[in-house]
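# Examination of the molecular architecture
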Amino acid sequence: MSRDPRQVLFALLSVAGLVAAGAFGGTYLTLAAPFSGGAWAAADDDPDSLGGGLRGMAGPTEVENPHGAATVSYDRWGVPHVEAENEAALYYAAGYVQARDRLFEMDLQRRLISGNLSAAVGSVAVESDTFHRKMDFTGAAEASWRAMAGTEYGGLVEAYTAGVNRYIDDGDLPTEFRLNDYRPQRWTPVATLLVGKQISWSLTGSFRDLQGATVDARLPEARSLYPDQLAHDSPVIREGWDPNATGASGTGNLAAPGALYDWLSTYQSEPGIGSNNWVVSGEHTASGRPIVANDPHLQLTVPPIWYEQRLTLLGEDGYDVRGVTFPGIPTVIIGQNRDVAWGLTNVGADVTDLYTYDRPSNDTYVYDGEVRELDRTTETIRVKGGEDVTVTVEKTVHGPLLSREGPNGTSEVAVAWTGLTATREARALYLFNRARTMDDVREGARFFDSPTQNLVAAARAEPRSAENASGRAPRASDGETYYRATGKYPYRYTDGEVVRGDRPFDGSAGEGEWRGFTPYGNSTWEGFVAYEDVPHVDDPPLLASANQRVVDDPGFYLSTSVGYADPFRGARIYEMLDERVESGDPIDRAYVEEMQADVRSRAATLFVPQILDARDAMVAETRRAARQFEDWDGRMTQDSEAALLFALFRDRFVNATFYDEYHPAGLDPGYYPHHYTLGTLPADSEWFDDTRTPERETRADIVARALREAIEEADREGYGTYGDYNRLRLTHPFGLAFLDYPERPMDGSPFTVNNFRADRSIQAGSSWRMIATFDGDSLGVIPGGQSGNPFSSHYHDQLGLWATADYKPLSFDDPGAVDIRFTTDGANGSASVAAGRGVGDA
């Protein structure tokens, strides 16, 4: 299936590069922004012009704060250091600053997940809005807010909301609003939780049960290519766990699962997106203090998807935290304070199930032996410049009902997802930000309901100085390290037995029930895996995750190989950690920098011997080209000819192996199995036989064909080295070249620790690199800059550092002069009123 309609939106929604797919065709912003760079620059002296608006998007330097005094100081990289004496004032200032820097992205992100984009951009967004309305993510966010409102953290979200709206009232709106002739919607606490729901859905929302059902129906002999576990020995937790659960799969029947999946797969995460993190205890470090490393791999966009901030609460109970967040989320998501550091990667857990029903009528369905009425409402999607669209939202006891017409009739499924109920991950992040000991981190993780993440954390190894920005008394910590798979994990029950969740269930027959789950309400979670039984490790000396399977035997159905990444990155990280420990040399910050910059491909380790073994099946020209692999070290560097040929070969080998069976069955490359699966097939596997020829091909024949095709492509495109192919091309969604980031060749690949994926119209890679230590400054870098303003010195001032695997310090030092001062002069304390005043919903 083509992904072009989704990619433009994804570039636009750079605040949430976690969104793996959008819904648009064409650069609709181009139509609204026909101005050349010269036209914008010429108008720069006029504050009311487009250029003046771009440069003048600052707002006042003194702002009233109903909650108390606060200050904001920007450092040399454009990172805001926000400081206040009470948390409400701190959060108010944080909301104001995020809106100042990223309001356009915040507004679009909220519109996307709530199904209100069409009101801003027109009919091109109707399909996306229809899906998001039918899923009713807003109802799920409202459930989370009902559970949070009235709590301490709920009050802070209200203060943050008021800060955002204060900027909307008083600040200069980003030029994108004027170019597209609409105003931002009023921010609300539910909007903040909606951004959280979008993050969670893009990481854990999946319709791959339909993918499996489609393969079963169209190419049943391929089911063996999707094993429960890939046969590698580098899970996240390398020690044992409890025995794995067994059980039957669902039996829900669908008339046309492929047609339904073709539509719904647009709204799930793309395969292969992942991240790295690892933690090293003081036992193996030069300083005796632990180290946390993290680099989430997401879409690379203009501006970058992450927003860096530092929040300092003064006083005895204060804290000082810095790291990155998604605009719209007030707390740091990945980062450290003066006592603990933490990082996150995606687990790949299966926490979405699908249900089919007997349908006696258009208004009813059968559940638990009785006929029930669908919960049905009608909503209107406002469409800018077009006719409004009516959407019917239908729900069952399991969740929203989604349907699609296919060649064999209508297919429909109800969706159960752990995020469609009241969840508490916002409170978990808040507790991480405030944590002083590892026990605080463990307590916070109890609230991390969604998404399911590989959490690694470390605490200081010694008392810190009493002289710090927060002014708190020193508190000892013992340098603990920690790992946990966060989130809620359902047991599925059929006839009282626990079963798997890898295929749609027959909802009318009571298959796959989640006990204690209430869509759009408060769940008791009574039928879910207990917190103590979810994989976790206290004080691991070394532990690394790269989206590979969590553990060989988790003790319950967690996922299958379809949900996990190929093991190449995880195996390489462990290889480097183990080698360093075995050498007797300590692991220090410099070595971790070397690890994050590593471009040696374990995929090459797997496939290159197969290329060399196939030389007898090659024609002379191809055989000569294969010689360069004899002495190649497997490093994917921009100046390497071998790296170029291998990258082109890799994908052609997959296609040459599976196309002849998959294409006639109507299965596009999105259905192909893992590269690791291909690399471990026997040399005489029947999958290497091309069914279109009378001969019986073996792996050597297909390798020879794929390598020949790779050589032909390199010649056709004029590629000489890997950097000619592996180029960074980050473009602004307005389609104006002067807004784009500079293009450049890159090291790295999809399967290396230094992760970069050039072969996508929206490129992906390390969206944030962090090395958190307690021995001097930590390090971090984003692929671009803090500012979305192309005239700002911070538009892409970190891009060169990022591209060469370099860093800037993550200092807790005072950056200097105050840039924005929040005062209580004239404040009336009406934060909740400010948060609720209306601006047009266009």
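Look up: the structure comes first, before these words.
Worth saying up front: this structure is predicted, and the values here are computed from it rather than measured. What you see as residue numbers is a count from 1 along each chain, following the sequence as written. Per-residue local features of the predicted model are confined to residues with pLDDT of at least 70, and side-chain atom pairs are confined, for both listing and counting, to 80 or more; whole-chain, interface and lining totals are unaffected and use all residues. The basis for every side-chain value is the complete set of non-hydrogen atoms in the structure, without hydrogens or water.

We now examine the overall build of the chain. The helix and strand labels rest on DSSP assignments: H or I over at least four residues marks a helix, E over at least two residues marks a strand, and numbering proceeds from the N terminus. When helices and strands are tallied, the chain shows 25 helices and 31 strands. Any pair of residues with heavy atoms lying within 4.5 Å of one another is described as a contacting pair. Taking contacts inside the chain between residues at least 6 apart in sequence as the whole, the part at least 24 apart equals 73%. Reported accessibility uses the Shrake-Rupley method at a 1.4 Å probe radius. Residues are deemed covered only where the shown protein chains occlude them. Here the chain displays about 29,000 Å² of accessible surface, and carbon together with sulfur accounts for 45% of that area.

Among soluble globular proteins, nonpolar side chains are generally buried collectively. For our purposes a nonpolar core is just a set of buried Ala, Val, Leu, Ile, Met, Phe, Trp, Tyr and Cys residues, chained together by side-chain atoms within 4.5 Å. Exposure is judged per residue with a 1.4 Å probe applied to protein chains only, and the accessible area is read against the type maximum: over 50% gives exposed, under 20% gives buried, and values in between give partly exposed. F646 and Y662 are the most contacted members of the largest nonpolar core, which totals 223 residues. In this structure Y662 touches L219, A222, L225, Y226, L667, Y671, Y672, P673 and W687, once residues within four positions along its chain are discounted. Membership of the second largest hydrophobic core comes to 14 residues, among which are Y357, F505, W514 and F528.

Strands are treated as partners if at least two bridges between them are detected by DSSP. Pairing is mixed in the open sheet, where eleven strands are placed in the order β1-β31-β2-β3-β6-β7-β8-β9-β17-β18-β22. Unpaired on one side and paired on the other, β1 (62–64) and β22 (536–538) mark the two borders of the sheet. Each strand axis lies, on average, 15° off the axis of its neighbour in the sheet, ignoring direction. Note: β1 against strand β31 (residues 820–823), three bridges, orientation parallel. Residue E64 lies in a different strand from β31, and its bridge partner there is T823. The axes are straight lines fitted to the C-alpha atoms, using for helices just the contacting stretch, and the angles between their N-to-C directions are given from 0 to 180°. Against the sheet, helix α5 (residues 87–114) makes contact with β1, β2 (70–74), β3 (80–84), β6 (307–313), β7 (319–325) and β31, and its axis sits at roughly 160° relative to β6, the strand it touches most. Along the sheet face, helix α15 (residues 438–445) touches β9 (340–346), β17 (453–459), β18 (481–485) and β22 and points at about 160° away from the line of β17.

Strand pairing in a sheet is mediated by backbone hydrogen bonds. Such pairs are either parallel or antiparallel. The mixed open sheet is built from four strands, whose spatial order is β15-β16-β10-β21. Looking along the sheet, the strands with just one partner apiece sit at the ends: β15 (401–406) and β21 (505–506).

Ring pairs (aromatic) are described by centroid distance and by the angle formed between their planes. Ring geometry is summarised as follows: Phe, Tyr and Trp rings, the Trp one being its six-membered ring, pair when their centres sit within 6.5 Å, and such pairs are stacked at plane angles under 30 degrees, edge-to-face over 60 and tilted between the two. Per the stated rule, a full pass over the model turns up 45 aromatic pairs. In this arrangement the basic side chain of R484 is found over the ring face of Y531, its NZ or CZ atom lying 3.6 Å from the centre. We count a charge as sitting over a ring when the NZ of a lysine or the CZ of an arginine lies within 6 Å of the ring centre and within 35 degrees of the ring normal.

Let's shift gears to helix α12 (residues 208–218). In terms of residue burial, α12 counts as a mostly covered element, since eight of its eleven residues are buried. By the burial criterion, the buried members of α12 are R208, D209, L210, Q211, G212, A213, T214 and V215. Considering only its buried residues, α12 is in contact with α13 (257–264), β10 (352–356) and β16 (409–417).

What follows deals with the pattern of salt bridges. Any carboxyl oxygen of Asp or Glu that lies within 4 Å of a side-chain nitrogen of Lys or Arg is treated as forming a salt bridge with it. The full count for this structure, using the stated rule, is 48 salt bridges. With a shortest N-O distance of 2.5 Å, D136 and K395 are connected by a salt bridge. Remark: K395 occurs in strand β14 (residues 389–395) and D136 occurs in the loop between α7 (126–135) and α8 (137–148); sequence separation between them is 259 residues. The exposure class of D136 is buried, given its relative accessible area of 14%. With a closest N to O distance of 3.7 Å, E575 and R602 form a salt bridge. Pair noted here: E575 is in helix α16 (residues 568–583) and R602 is in helix α18 (residues 602–613), with a separation of 27 residues, a long-range link. Look at R602 and you get partly exposed, because its relative accessible area is 28%. Connected through shared salt-bridge partners, D216, R223, D228, R500, D502 and R503 make up one network.

In the segment running from V302 into P303, the intervening peptide bond is cis, with an omega of -5°. Take P303: it is sitting in the loop between β5 (291–299) and β6. Omega for the bond connecting S450 with P451 falls within 30 degrees of zero, at 0°, which places this linkage in the cis form. Here P451 shows up in the loop between α15 and β17. Positive phi is not limited to glycine here, since D136 has a value of about 55°. In the Ramachandran plot, D539 falls in the positive-phi region, its phi being about 55° despite a non-glycine side chain. Of note, D539 is situated in the loop between β22 and β23 (542–545).

Attention shifts here to the side chain of T421. Tracing the chain through its elements places T421 in the loop between β16 and α14 (425–434). Counting of polar contacts relies on pairs of N or O atoms within 3.5 Å, with two restrictions inside protein: one atom must be capable of donating a hydrogen and the other of accepting it, and residues adjacent in sequence are counted only when both atoms are side-chain atoms. Within polar-contact distance, the side chain of T421 engages the backbone oxygen of T518 at 2.9 Å.

Take the pairing of strand β11 (residues 364–367) next. Both faces of β11 are covered, namely the face carrying T364 and V366 and the face carrying Y365 and Y367. Linking β11 back to strand β12 (residues 370–373) in an antiparallel pair, the connection comprises two residues, with D368 at a positive phi of about 55°.

Another aspect to go through is the packing of α8 against helix α11 (residues 189–204). When two helices pack together, their arrangement is given by the angle between their axes and by how far apart the axes lie. Close contact between α8 and α11 brings their axes to 8 Å; oriented N to C, the two are set at 120°. In terms of orientation, α8 lies oblique with respect to α11. Here the hand of the crossing between α8 and α11 comes out right-handed. Of the residues in α11, those in contact with F137, T138, A140, A141, E142, S144, W145 and M148 of α8 are P189, V190, L193, L194, K197 and W201. For the contact of α8 with α11, the per-class residue count stands at ten nonpolar, two polar and two charged. Any angle between 65 and 115 degrees counts as roughly perpendicular, while under 35 counts as roughly parallel, over 145 as roughly antiparallel, and the rest as oblique. Note on convention: near helix rotated counterclockwise from far helix by under a right angle means a left-handed crossing. Clockwise means right-handed. Think of it as three bins: nonpolar holds Ala, Val, Leu, Ile, Met, Phe, Trp, Tyr, Cys and Pro, charged holds Asp, Glu, Lys and Arg, and polar takes everything else, Gly as well.

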